[in-house]
Amino acid sequence: MSGQSHRFFLKFQAPSGVVHEEEVHFNSLIHDVAFSAVCKGQLPNDGRWEPVRVEPQWADGKLDAVLISVAGRSDTYGRAIFRDRAMEIIHTKPTLNDALANEKTKIRWWVEVRKAQSEAGGRRRASVRHRAYPLLSLDCHDVGPQRTIGVDDSSLLAVSESLLRELLEESAESLDRERADFLVGHLVQERDGRIVVSLRSRIPASTEVDGSLVHFAFSARTFQAAQQALAARASDEVILGWHHNHPPPCGRECLMTVPACGTENVMFSVDDRVVHRSAFDRPYMVALVSGKGAGRRADDPLVRAYGWRRGLIREMEWSTF
Amino acid sequence: MQTLTIDVTDWSRSQVAQLSDLPVEMTIGELLDEVHEAMSLPREPYHLLFDGDKLNRSATLEETGVQSGDELTIAPEVSAGQFSTV
C-alpha cells in the first residue's frame, strides 16, 4: 500500500532554538480504512488494497484533516492524528523532552505538507504485498457477553477467564519487575457484522528481554520467537496484541501498606504507545495493562485495555467469557 | 555484478516486501533502510533476522550468507515503560 501523493512532516521548535522534524506515516489509518471496508464486505479480504491515496484537506489555508483513500474507499481524519503523534514525539525525543523540562514552556509544533517526489528511475527495488486480515466468520457464541460494547461500538474485546486468571496471577507475583506476554486468539466477525477480538491464551515474552521495576524491553528476537512459538502450536489462532504489567513504584514493599494506598499506575504510557504503534499497528490489535489499582492491594491487580480507534490509541471496554 | 532477490516479512507476518536487484555488497543497514521506507515503518529502531540470528548492520548480504529466495524477518526493538505519560 504505497503511492502517497503527499508527505507530511511534523516540525518542532523550542524557544531555545531546538528544531526537530519527523515524517508522519499513516499505516494505522490506511489499515483503518481497509479493515473497515473488508468488514463491511466492500473490499475482498485478499490484501490487494490498491491504490492508496493520502491527501491533505485544507480549511482557510490551514491543514484541517487528511483524506485516506484505499481502493476507492475513503475516510477523513482530523488534526487529532497529528496532535497525538506530536505529543508522543515530544515526550520520547530526548532533545525535545529536555527542552520541555528545562525551559518549562511549550514546544511549538506544526505540520508541513510536501508533494511526494516521484522515485528516481530504478531506485525503488521493493514491492510490498499485504496478507489478508485473519478474520474468521463464525457465529461465535462463546466469545463474550453481548452486553459489553467497546468504545467503538462496532467491535468487542473478550478475554477468556482462564487467560485473565493467568495474567492476574503473573502480575500479582511480579511486583518488582515488569513482564510481558503476547496475546493469542481469534479475530471473529459475527453475523451482525461486529468484530470480536477473542483472546484465549498467551505466549510469555521471554526471549532476549530485559525488565525492571519501570520498563520492559523487547528485542527483535522476542517478536520472532513469539511467532515461532505460535507456529509450533499448529492452531488457527493468531497474535492479536500484548500484555504487560506496571508494578507499584515501591515494588513488593507495597504489600506492607495496610490499608492499601490510593496509588494507581494502570495506564498506557507514551513508551507503551510507541510499542503498540511500532509492533501492533493493525486496527484490531489490543493491549492489556495490569497493575495496582487505587485502594487495592498490589497483589489484587487491575486490568485496563487499549486499542486502535480511527487511528488513535484509546482505552476500550472489555469483557470475559 | 551479482544481485539477489529476497523477501522480508514483518514479525507479525502481515506484510512482505520483495526486494530485487540487491547487490551482494549491500550492507544490512542499507537493506534495512530500504525495507523501513517500503513498509512505511515508524522511526523506532528495527532489525533484520535470518535463520534466528539478528544481522549486523555493517555486514554485507554476501557476508551474512543470504541467498536469492531467502526470507528475512524485520522486527522492532522497543521498550514499554510506566514513567512517560503525556
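Trainee: I would appreciate a short explanation of the sheet that holds strand E12 (residues 210-211) of chain A in the present structure.
Mentor: Spatial ordering of the open sheet is given by E12(A)-E13(A)-E6(B), a layout of three strands whose pairing is antiparallel. Whereas interior strands pair on both sides, the edge strands pair on one side only; in this sheet they are E12 of chain A together with strand E6 (78-81) of chain B. Pairing of E12 of chain A with strand E13 (residues 215-218) of chain A, which is carried by two bridges, proceeds in the antiparallel orientation. Considered in E13 of chain A, the bridge of Gly-211 of chain A is made with Phe-216 of chain A. Taken strand by strand, helix H6 (residues 270-279) of chain A contacts E13 of chain A together with E6 of chain B, and its axis lies near 140 degrees from that of E6 of chain B.

Trainee: How should I be thinking about the interface of chain A and chain B in this particular structure?
Mentor: Many descriptions give the size of an interface as the accessible area lost when the pieces come together. Between chain A and chain B, the residue contacts involve 52 residues of the former and 44 residues of the latter. Around 4200 Å² of area is buried between chain A and chain B when both sides are counted, 50% of it from carbon and sulfur atoms. Going through the elements one at a time, helix H2 (80-92), strand E7 (126-130), E13, helix H5 (220-233), strand E14 (238-246) and H6 of chain A are the ones with two or more residues in the side of chain A that touches chain B. Looking at the side of chain A that touches chain B element by element, the count peaks at eight residues for H6 of chain A. Looking at side-chain class alone, the side of chain A that touches chain B contains 22 nonpolar, 15 polar and 15 charged residues.

Trainee: Sorry if this is basic, but what is going on with the environment of Ser-127 of chain A here?
Mentor: Mapped onto the elements of the fold, Ser-127 of chain A is located in strand E7. Of the residues examined, Ser-127 of chain A reaches a relative accessible area of 42% and is grouped as partly exposed. Taking the C-alpha atoms as reference points, Ser-127 of chain A and Ile-239 of chain A, separated by 112 residues in sequence, lie 25 Å from one another. Beyond its immediate chain neighbours, meaning those up to four positions away, Ser-127 of chain A contacts Val-16, Ala-17 and Gln-18 of chain B.

Trainee: Explain unusual backbone geometry here, please?
Mentor: Backbone geometry follows two general trends: most residues other than glycine have a negative phi, and most peptide bonds adopt the trans configuration. Residue and element names in this part refer to chain A. In the segment running from Glu-50 into Pro-51, the intervening peptide bond is cis, with an omega of -5 degrees. Examined against the element boundaries, Pro-51 turns out to sit in the loop between helix H1 (27-39) and strand E3 (52-59). That bond from Val-258 to Pro-259 is cis: its omega, -5 degrees, falls within 30 degrees of zero. Mapped onto the secondary structure, Pro-259 falls in the loop between E14 and H6. One non-glycine residue, Glu-208, lies in positive phi territory at about 50 degrees. By the element assignment, Glu-208 lies in the loop between strand E11 (195-204) and E12.

Trainee: Quick question: what am I supposed to make of the side chain of Ser-40 of chain B here?
Mentor: With respect to the element layout, Ser-40 of chain B can be found in the loop between helix H1 (28-38) and strand E3 (46-50). Classification of Ser-40 of chain B as buried rests on a relative accessible area of 17%.

Trainee: What exactly am I supposed to notice about the side chain of His-31 of chain A here?
Mentor: All names here are of chain A. If you trace the backbone, His-31 turns up in helix H1. By relative accessible area, which is 2% here, His-31 ends up buried. Among the polar contacts made by the side chain of His-31, one reaches the side chain of Arg-282 at a distance of 3.4 Å.

Trainee: How should I be thinking about the packing of aromatic side chains in this particular structure?
Mentor: Aromatic ring pairs: the centre-centre distance and the angle between the two ring planes describe each pair. Residue and element names in this part refer to chain A. What the rule picks out here adds up to 20 aromatic pairs over all chains. Taking 4.6 Å as the distance between ring centres and 15 degrees as the angle between the ring planes, the aromatic pair formed by Trp-49 and Tyr-133 counts as stacked. Of this pair, Trp-49 sits in the loop between H1 and E3 while Tyr-133 sits in the loop between E7 and strand E8 (135-137), and the two are 84 residues apart along the sequence. For Tyr-133, a relative accessible area of 4% corresponds to the buried category. On the numbers, 4.7 Å between centres and 15 degrees between planes, the contact of Phe-268 with Tyr-306 is stacked.

Trainee: What's the story with empty space enclosed by the protein in this structure? I'm lost.
Mentor: Over the atoms, a rolled probe matching the size of one water molecule traces out where space is still vacant. With the rule as written, the count across this model stands at four cavities of 30 Å³ or more. Each pocket or cavity is described by its volume, and for the largest cavity that value is around 100 Å³. Residue lining of the largest cavity: 13 residues in total, with Ser-278 of chain A together with Asp-10, Trp-11, Leu-41 and Tyr-46 of chain B positioned closest to the centre. Counting residues per element, the ones that place at least two in the lining of the largest cavity are H6 of chain A together with strand E5 (71-76) of chain B.

Trainee: For this particular structure, what's the right way to read the pairing of strand E4 (residues 62-70) of chain A?
Mentor: Put simply, side chains in a regular strand alternate between the two faces of the sheet. Residue and element names in this part refer to chain A. For E4, the tally of buried residues reaches seven of nine residues, placing the bulk of the element in the interior. Between E3 and E4, which pair antiparallel and follow one another directly, the connecting turn spans two residues, one of which, Asp-60, has a positive phi of 55 degrees. Strand direction decides the pairing type here: E4 and strand E5 (residues 73-78), joined by six bridges, are antiparallel. The residue of E5 that forms the bridge with Leu-67 is Thr-76. In sequence, E4 turns back onto E5 through a hairpin of two residues, with Ala-71 there showing a positive phi of about 50 degrees.

Trainee: Looking at this structure, I do not really get the nonpolar core. What am I missing?
Mentor: Where a protein is soluble and globular, its nonpolar side chains tend to be buried together. In terms of nonpolar packing, the biggest core is built from 84 residues, with Phe-26, Ile-68, Phe-82, Phe-182, Leu-199, Phe-218 and Phe-280 of chain A touching the most fellow members. Per element, the largest residue contribution to this core is eight residues, and it comes from H1 of chain A. Non-local contacts of Phe-280 of chain A, meaning those with residues more than four positions away in its chain, are made with Phe-182, Phe-223, Ile-239, Gly-241, Trp-242, Val-275, Met-285 and Trp-308 of chain A together with Trp-11 of chain B. Listed in part, the 24 residues of the second largest apolar core include Ala-126 of chain A together with Val-35, Leu-41 and Tyr-46 of chain B.

Basis of the calculations
- Residues numbered from 1 in each chain as written.
- Chains lettered and ligands numbered in written order.
- Predicted model: local features only at pLDDT ≥ 70, side-chain atom pairs only at ≥ 80, totals over all residues.
- Heavy atoms only, no water.
- Pairing = 2+ DSSP bridges.
- Helix = DSSP H or I, 4+ residues; strand = E, 2+ residues; numbered from the N terminus.
- Contact = heavy atoms within 4.5 Å.
- Axes fitted to C-alpha atoms, helices over the stretch in contact; angles between N-to-C directions.
- Buried area = accessible area lost by both parts, 1.4 Å probe.
- Nonpolar A, V, L, I, M, F, W, Y, C, P; charged D, E, K, R; others polar.
- Buried < 20%, exposed > 50% of the residue type's maximum accessible area, 1.4 Å probe, protein only.
- Polar contact = N/O pair within 3.5 Å; in protein donor to acceptor, adjacent residues only side chain to side chain.
- Phe/Tyr/Trp six-rings, centres within 6.5 Å; stacked < 30°, edge-to-face > 60°.
- 1 Å grid on protein atoms, 1.4 Å probe; cavity = no way out; pocket = protein on both sides within 12 Å on 5 of 7 lines; lining within 4 Å.
- Points joined across faces, edges and corners; volume = space filled by probe spheres on them.
- Core = buried A, V, L, I, M, F, W, Y, C linked by side-chain atoms within 4.5 Å.

Remember, this is a structural readout, not a statement about activity or role.
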